[in-house]
Amino acid sequence: MSDRSREASGLLEARLNDHLARAGRGSVAVSRFLTPGERRQAERWLTAHGVRAQARFWGGYSGAERQCLFLLPDFYLDMPELMPAEGENPAGTIPDPEANAVTAVRIRGSGFRVLAHRDYLGSLLGLGLERDALGDIAVQNEHEAVVFCTRRIAAFLLSNLQKVASDPVRCEEYTPDARFTDGRSYRPIADTVASPRLDCVVAALTNLSREEAQRAVRTGLVEVDFEPEDRVDRILSAPATLSVRGHGRYILRAFEGETRRGRLRLRADQLVLGRNL
């Protein structure tokens with residue numbers, strides 16, 4: 001683990017301790033938006049401290065990548081009618097003003113300029129916001145996106161966000177329904193690999209040589225399920241998410257048996273760049 005990663009991990013644990021103390025005083029503690037890797041770290045921490053059952057994660061819609069942690073006081077465990085289900089909006093059952101922290105704003109451009117994820121993110125950060133104050137930015141089409149955030153940040157955006165990449169925009173409150181999707185698109189990949197080792201899979205997904213793939217892993221350019229991985233011989237199982245810096249993000253869907261030559265059939269999807277990355 002790098003010094004920067006170690007520092008970020010320590011900061012997250014300090015915040016989790018603060019949330020635990022707040023929950024211990026009888027209030028619902030709500031975190032800032034966590035990356036998938038931070039969520040995995042948080043879940044391990046919560047389990048180690050015996051409070052995972054009191055925790056719920058929500059990012060504004062089912063399947064959200066960036067999510068807030070809602071840490072409930074332990075007395076909620078004795079009131080199942082108030083305990084929100086996993087993967088559902090905690091605000092539906094928690095009678096607490098902070099429980100409805102996650103909301104959404106729809107941003108609509110003029111229609112005369114194509115806007116991508118990086119345009120929205122750059123303009124939002126240009127307003128002075130930190131990245132963890134924002135959840136997913138779901139690009140819906142070339143001229144529209146939905147950004148998930150807290151109610152306080154939503155009010156700020158409604159008043160202050162007027163342009164995205166010099167294109168005039170209109171902002172409005174937005175409530176996702178069951179038909180909402182994150183707008184991501186994928187390119188299917190089918191290939192064969194000698195084994196399910198990480199270096200073999202990275203080489204197949206990125207069209208790198210085996211040696212180049214090993215170098216990418218060993219130099220910290222590869223993440224597995226949103227956490228750094230430097231072991232070239234790690235054995236992968238599907239499903240798994242792989243990120244290779246400079247090449248993109250991939251979802252390993254399945255290993256589907258062997259060819260006549262004993263190679264494994266691999267099926268994966270690559271997230272198409274330019275929209276939601």
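Just above sits the structure.
Residues numbered from 1 in each chain as written. Predicted model: local features only at pLDDT ≥ 70, side-chain atom pairs only at ≥ 80, totals over all residues. Heavy atoms only, no water.

So, the nonpolar core
Part 1: Core analysis: the largest hydrophobic core is formed by 24 residues, its most contacted members being Leu 198, Val 202, Leu 205, Val 222, Leu 236, Leu 242 and Leu 266.
Part 2: Of all elements in the fold, only strand S10 (186–193), helix H5 (198–206), helix H6 (210–218), strand S11 (222–224), strand S13 (240–244), strand S14 (248–258) and strand S15 (264–271) reach the threshold of two or more residues within this core.
Part 3: For this core, the leading source of residues is H5, giving seven residues.
Part 4: Setting aside residues up to four positions removed in sequence, Val 202 forms contacts with Ala 213, Val 222, Leu 242 and Val 244.
Part 5: Residues Val 105, Leu 134, Leu 157 and Leu 161 belong to the second largest nonpolar core, which totals 20 residues. (Core = buried A, V, L, I, M, F, W, Y, C linked by side-chain atoms within 4.5 Å. Buried < 20%, exposed > 50% of the residue type's maximum accessible area, 1.4 Å probe, protein only. Helix = DSSP H or I, 4+ residues; strand = E, 2+ residues; numbered from the N terminus. Contact = heavy atoms within 4.5 Å.)

A word on the packing of aromatic side chains
Part 1: What the rule picks out here adds up to five aromatic pairs.
Part 2: Look at Phe 148 and Phe 180: their rings are 5.6 Å apart centre to centre, the planes differ by 75 degrees, and that puts the pair in the edge-to-face class. You can see Phe 148 sitting in strand S6 (residues 144–150) and its partner Phe 180 sitting in the loop between strand S9 (170–174) and S10, a full 32 residues away along the chain. In this pair, the class of Phe 148 matches that of Phe 180, namely buried.
Part 3: On the numbers, 6.1 Å between centres and 55 degrees between planes, the contact of Tyr 174 with Phe 180 is tilted. Of the two residues, Tyr 174 and Phe 180, both sit in the buried class.
Part 4: Through a chain of ring-to-ring contacts, three or more aromatic side chains come together here, namely Tyr 61, Phe 148, Tyr 174 and Phe 180.
Part 5: The side chain of Arg 253 reaches across the aromatic face of Tyr 186, ending 5.9 Å from its centre. (Phe/Tyr/Trp six-rings, centres within 6.5 Å; stacked < 30°, edge-to-face > 60°. Lys NZ or Arg CZ within 6 Å of the ring centre and 35° of its normal.)

Let's talk about the layout of surface pockets
Part 1: In this structure, the second largest pocket occupies an estimated 310 Å³ of space.
Part 2: Secondary-structure elements contributing two or more residues to the lining of the second largest pocket are S13 and S14.
Part 3: Residues of the lining of the second largest pocket, tallied by class, amount to eight nonpolar, two polar and five charged. (1 Å grid on protein atoms, 1.4 Å probe; cavity = no way out; pocket = protein on both sides within 12 Å on 5 of 7 lines; lining within 4 Å. Points joined across faces, edges and corners; volume = space filled by probe spheres on them. Nonpolar A, V, L, I, M, F, W, Y, C, P; charged D, E, K, R; others polar.)

Points about unusual backbone geometry
Part 1: In this structure, the amide linkage connecting Ala 238 to the following residue, Pro 239, adopts the cis form with an omega of 0 degrees.
Part 2: Within the secondary structure, Pro 239 sits in the loop between strand S12 (227–228) and S13.
Part 3: Look at Ser 166: it is not a glycine, yet its phi comes out positive at around 70 degrees.
Part 4: Relative to the elements of secondary structure, Ser 166 occurs in the loop between strand S7 (163–164) and strand S8 (167–168).
Part 5: At Asn 207, a position not held by glycine, the phi torsion is positive, near 65 degrees.
Part 6: You can see Asn 207 is positioned in the loop between H5 and H6.

Re the environment of Ser 209
Part 1: Locating Ser 209 in the fold gives a position in the loop between H5 and H6.
Part 2: Ser 209 sits ten residues away from Asp 199 along the chain, and the two C-alpha atoms are 9.3 Å apart.

Here's the deal with the sheet that holds S14
Each strand in a sheet pairs with its neighbour through backbone hydrogen bonds, running either in the same direction (parallel) or in the opposite one (antiparallel).
Part 1: Taken in spatial order, the six strands of this open sheet run S10-S15-S14-S13-S11-S12, and their pairing is antiparallel. Each edge of the open sheet is held by one strand with a lone partner, namely S10 and S12.
Part 2: Where S14 lies against S15, six bridges are found, and the strand directions are antiparallel. In the sheet register, Phe 255 faces S15, and the bridge partner there is Leu 266. (Pairing = 2+ DSSP bridges.)

What to know about the pairing of strand S5 (residues 134–141)
Each regular strand displays side chains that alternate between the two surfaces of the sheet.
Part 1: Most of S5 is tucked away, with six of its eight residues classed as buried.
Part 2: From the end of S5 to the start of S6, which pair antiparallel, there are two residues.

Here we look at the pattern of salt bridges
Part 1: What the rule picks out here adds up to 22 salt bridges.
Part 2: Among the salt bridges present, the one from Arg 108 reaches Glu 172, with a minimum N-O distance of 3.6 Å. Placement of the pair is Arg 108 in strand S4 (residues 102–108) and Glu 172 in strand S9, with a sequence separation of 64 residues.
Part 3: Between Asp 269 and Arg 253 there is a salt bridge, with its nearest N and O atoms 2.7 Å apart. Of this pair, Asp 269 sits in strand S15 while Arg 253 sits in strand S14, and the two are 16 residues apart along the sequence.
Part 4: By relative accessible area, Arg 253 is classed as partly exposed at 33%. (Salt bridge = Lys/Arg side-chain N within 4 Å of Asp/Glu carboxyl O.)

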